[in-house]
Amino acid sequence: MTHLVNKLLIARVLANNHHTNVDNIEVQTSDVKLSSTNGENFCSDIYVAKVTYKLNGNDLQSSFIVKIMRPEIAEIGTNEEQMFTRVLPTMEEFFNRLRNAKNKLYPRCFLTEKVDGHEFYVLEDLNTMGYFCADRIRGLDEAHARLLMQKIGQFHAASLMYEKKFPEIVNSLGKSHFANGATDVVAEAIAFGGMEYVANMIETWAGYEQLSSKIRSLSARFNDKVKKVVDPQNSVVNVITHGDLWVNNVLFRNEADTKHPIDVLFVDFQNSFWGGCGYDLNYFIYTSLQLPVLKEKRLELIEAYYVALKTDLQKIGYPLEYIPKWKDILDEIKRSELIGLYCSLCELPLIALRRTTAQHFTLQTFEQPQEMARMRLIMYDNERVRDMLLYTLKYFEEVGVL
C-alpha cells in the first residue's frame, strides 16, 4: 500500500504544513517503511515516511506517520476522520486555553483522504519529539499510569466543553462498536472465544471452579449487557471517549535523565464515541496497569483522574451544577465494570502476547477457528495474564459482575 504515499501526496502535506502552494515544494527523496507489525495493530498499517525536499531554495527534511486503515475496517465506518478534522483541534484549544501554552492532546493530522477503498491519515511523527510507546507486555508503572489518568481527565473535560458548544457535531458521531453487541466475526472471536476459553481453563484451578459456570452464563447475556453499558442514556457522566484506551494507543515523553514521565498524548481515535466515562477508565485500568499498581493504587489513580477533570471544568467556567461529583464518577465506573471484566478475560491476552508470536497474528486469524484455537493456547499461557485473572476473577465475583 506504499503506492498511496507518492511524491504528490507528500508535496501536498508539506505545502499544508508550510502554508504554501504545492508548486513551491520540490520533493527530493522519500523513504516509506512499514512501522507496525502483525499483532500490534489489527485495523490499520502504520508507515513512517522520511522525506527531503526544497522550499524557497532551502534544503529541508521531515518525517510523517501514515496510517492506512484496512478496507474491511474503513467499510464499517469509524469516527476517526470526524475526530481529527473537527473535534480534536477544538478540544485541544480548550485544553490550552487553561494553560496559556501550546500543549498537545494528539498528533496533528495533515491530511485525511479515501482512495480506492483505503482510508488514510498523514500525521505528525511524534517520535521526533521524544514520544514513545510504552511496553504493552509489561504494562504501566504507577508514575506513567498516574500521568495518563490525569490526561484522561483533561481529555474528558475538554470533550464536555466541546459538547456544550457543538452538541450537533457530538450527536453526529457514530455509536460505540459495541452498540449492537459483539456481532462481527472479529468481535465474536475476541469476546465469546475468550470467555469460553477462560471458562474451560479455570475448571482445574483450585478455588475458581465455580466461576466457570458464571462466565458461561455471562457469555450468554454479554451482548444485552454491553449494549446497556455503552448506551449514553444509561450513563451518569457522558464524555467523548477515546474508546480503545490501552498502552499502544498512548505515547509518553520522559525526562531524559530520570526517565520520569512528563507528558502523554493519545493516538488512534477510530473507536471514539459519546458515552460513559467509565468505559475508558475500565478499559485502561484492566488492559494497561501492572498488577501491583492495579491492586494497590486503583482508587488513587481514579482520584487523580477526577481531580484533573474537575479542575479543568472549574477553571474554564463550566456550569457548576453540571460538573460531575466524585460519587458520580465512582458510580459510572461501577456501572461499566463489565468492560473491565471483558478486558481481563478477552483483551489483555491479546495485548500481552509475546512479540515473536504476535508476528503471525493478523486480522484474518480471527476468521480461522483452528488457528485461533492454537493462538489462544499461547495467549493464555502467559504469566501476566494468569496472575491478572487470578486477581480480577475474584474481584469481579465479589462486586457482583460475575
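Everything below is about the structure printed above this text.
This brings us to the overall build of the chain. In terms of helices and strands, the chain carries 14 helices and nine strands. On C-alpha atoms alone, the chain measures out to a radius of gyration of 22 Å, which is about the 21 Å that the 2.2 N^0.38 rule sets for 402 residues. Projected onto its principal axes, the C-alpha positions of the chain cover 75 × 55 × 45 Å. Sorting the 402 residues of the chain into buried and exposed places 55% on the buried side. Considering only contacts in the chain between residues 6 or more positions apart, those separated by 24 or more positions represent 73%. Element-wise, carbon and sulfur atoms account for 48% of the exposed surface of the chain, whose accessible area totals about 17800 Å². Distance from the positive charge centre (45 side chains) to the negative charge centre (52 side chains) of the chain: 3 Å.

End to end, helix α4 (residues 142–165) covers 35 Å across 24 residues, agreeing with the expected 34 Å (1.5 Å per residue, within 8%). Of all 24 residues in α4, 17 are buried, a share of seventy percent or more. At the N-terminal boundary of α4, the capping side chain belongs to Asp141, with an oxygen 3.3 Å from the backbone nitrogen of Ala143.

Once that is clear, we can look at the packing of aromatic side chains. Any two aromatic rings considered together are summarised by their centre-to-centre distance and by the angle between their planes. Enumeration according to the criterion identifies 20 aromatic pairs in this entry. Summarising the aromatic geometry, the rings of Phe155 and Phe269 are spaced 6.3 Å apart at their centres and angled 10 degrees between planes, so their arrangement reads as stacked. In this pair, Phe155 is assigned in helix α4 and Phe269 in the loop between β8 (261–266) and β9 (274–276), connecting sequence segments 114 residues apart. A relative accessible area of 0% means that Phe269 is categorised as buried. For the pair Phe361 and Phe366, a centre-to-centre distance of 5.1 Å together with 45 degrees between the ring planes defines the contact as tilted. Both residues of the pair, Phe361 and Phe366, count as buried. Members of the aromatic cluster, each reached through a chain of ring pairs, are Phe84, Tyr106, Tyr121, Phe155, Phe266 and Phe269. In this structure, Lys164 is placed above the aromatic ring of Tyr322, and the distance from its NZ or CZ to the ring centre is 4.4 Å. Over the face of the ring belonging to Tyr208 we find Lys394, whose NZ or CZ atom lies 4.7 Å from the ring centre.

Moving on to the environment of Asp312. Following the sequence through the fold, Asp312 ends up in helix α9 (residues 291–315). Exposure remark for Asp312: the relative accessible area of 4% places this residue in the buried category. A sequence separation of 214 residues divides Asp312 from Leu98, and the C-alpha atoms of the two residues are 7.2 Å apart. Here the side chain of Asp312 touches Arg99 through a polar contact of 2.9 Å, side chain to side chain.

With that settled, the discussion passes to the pattern of salt bridges. Summed over the entire model, instances satisfying the criterion amount to 19 salt bridges. For Arg12, the salt bridge is made with Glu113, and the minimal N-O distance between the two is 2.2 Å. Linking Arg12 in helix α1 (residues 7–18) with Glu113 in strand β4 (residues 109–115), this pair joins segments that are 101 residues apart in sequence. Residue classification places Glu113 among the partly exposed positions, given a relative accessible area of 24%. Taking the shortest distance from any N to any O, the salt bridge between Glu80 and Lys67 comes out at 2.8 Å. Of this pair, Glu80 sits in helix α3 (residues 80–97) while Lys67 sits in strand β3 (residues 58–69), placing them 13 residues apart in sequence.

Judged by nonpolar contacts, the single largest core of 114 residues is most densely connected at Phe284 and Ile329. Of all the elements, α4 adds the most residues to this core, at eleven residues. Among the nonpolar cores identified, the runner-up in size contains 21 residues, and Ala15, Val27, Ile68 and Phe110 belong to it.

In terms of strand pairing, strand β7 (residues 250–254) meets β8 through five bridges, oriented antiparallel. In the sheet register, Arg253 faces β8, and the bridge partner there is Asp263. Taking the residues between adjacent antiparallel strands as the criterion, β7 and β8 are bridged by six residues, where Lys259 takes a positive phi near 65 degrees.

Cut-offs applied
Residues numbered from 1 in each chain as written. Predicted model: local features only at pLDDT ≥ 70, side-chain atom pairs only at ≥ 80, totals over all residues. Heavy atoms only, no water. Helix = DSSP H or I, 4+ residues; strand = E, 2+ residues; numbered from the N terminus. Rg over C-alpha atoms; globule rule 2.2 N^0.38 Å. Buried < 20%, exposed > 50% of the residue type's maximum accessible area, 1.4 Å probe, protein only. Contact = heavy atoms within 4.5 Å. Areas by Shrake-Rupley, 256 points an atom, 1.4 Å probe, with all protein chains shown as cover. Lys, Arg positive; Asp, Glu negative; His and termini not counted. Charge placed at Lys NZ, Arg CZ, Asp CG, Glu CD. Expected span 1.5 Å × (residues − 1). Polar contact = N/O pair within 3.5 Å; in protein donor to acceptor, adjacent residues only side chain to side chain. Phe/Tyr/Trp six-rings, centres within 6.5 Å; stacked < 30°, edge-to-face > 60°. Lys NZ or Arg CZ within 6 Å of the ring centre and 35° of its normal. Salt bridge = Lys/Arg side-chain N within 4 Å of Asp/Glu carboxyl O. Core = buried A, V, L, I, M, F, W, Y, C linked by side-chain atoms within 4.5 Å. Pairing = 2+ DSSP bridges.

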